[in-house]
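Chain residues, written in single-letter form:
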Amino acid sequence: MTDTPPDRLSVDPQNPHYDEAVLARGVGIRFNGQERTNIEEYCVSEGWVRVAAGRARDRRGRPITLKIKGEVVPYFQDIAEPQQ
């Protein structure tokens, strides 16, 4: 596994950018210089994050999200295991 988080990642299993192995490792997000823990999806190259809009849900039960633009800096919260 590399030490660089993916360019785009989502916590929703139905999203094509979902990656369970990366999420199991723990990904932290720094957005506009602040540590954020409520990020649903992010894209570094396009410079945006999606956050839940309160407790609102759509008709399928998923949280309604807002896209916010800014500087996105993802990082892994643990150290990569050495490859053997």
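Above this text is the structure in question.
Residues numbered from 1 in each chain as written. Predicted model: local features only at pLDDT ≥ 70, side-chain atom pairs only at ≥ 80, totals over all residues. Heavy atoms only, no water.

A.B. asks: When you look at unusual backbone geometry in this model, what are you seeing that I'm missing?
C.D. replies: Peptide bonds are trans in most cases, and residues, glycine excluded, mostly fall at negative phi. One non-glycine residue, Asn32, adopts positive backbone phi at about 50°. Note on placement: Asn32 falls in the loop between strand 2 (27-31) and strand 3 (34-36). Its relative accessible area of 46% is what places Asn32 among the partly exposed residues. (Helix = DSSP H or I, 4+ residues; strand = E, 2+ residues; numbered from the N terminus. Buried < 20%, exposed > 50% of the residue type's maximum accessible area, 1.4 Å probe, protein only.)

A.B. asks: What am I meant to see in the sheet that holds strand 1 (residues 8-10) here?
C.D. replies: By definition, the strands of a sheet pair up through backbone hydrogen bonds, in either a parallel or an antiparallel sense. The sheet built from four strands is open, its strands ordered 1-4-5-6 with antiparallel pairing. The sheet terminates laterally at strand 1 and strand 6 (63-69), the two strands that pair on one side only. Direction aside, neighbouring strands of the sheet carry axes that sit 25° apart on average. Strand direction decides the pairing type here: strand 1 and strand 4 (residues 39-43), joined by three bridges, are antiparallel. Its bridge partner lying in strand 4, Arg8 is registered against Cys43. (Pairing = 2+ DSSP bridges. Axes fitted to C-alpha atoms, helices over the stretch in contact; angles between N-to-C directions.)

A.B. asks: Help me understand the pairing of strand 7 (residues 72-76) in this model?
C.D. replies: The two faces of a sheet get side chains in turn, since along a regular strand they alternate between them. Taking every second residue as pointing to the same face, the buried face of strand 7 carries Val72, Pro74 and Phe76, while none of Val73 and Tyr75 on the other face is buried. Pairing geometry for strand 2 and strand 7, over five bridges, is antiparallel. Paired with Phe31 across the strands is Val72, a residue of strand 7.

A.B. asks: Please explain the packing of aromatic side chains as it appears in this structure.
C.D. replies: For any pair of aromatic rings, geometry is given as the distance between the ring centres together with the angle between the planes. Taken as a whole and assessed by the stated rule, the structure comprises zero aromatic pairs. The residue whose ring lies beneath Arg25 is Phe76, and the NZ or CZ to ring-centre distance is 3.8 Å. Above the face of the Trp48 ring, Lys67 is positioned so that its terminal group lies 4.7 Å from the ring centre. (Phe/Tyr/Trp six-rings, centres within 6.5 Å; stacked < 30°, edge-to-face > 60°. Lys NZ or Arg CZ within 6 Å of the ring centre and 35° of its normal.)

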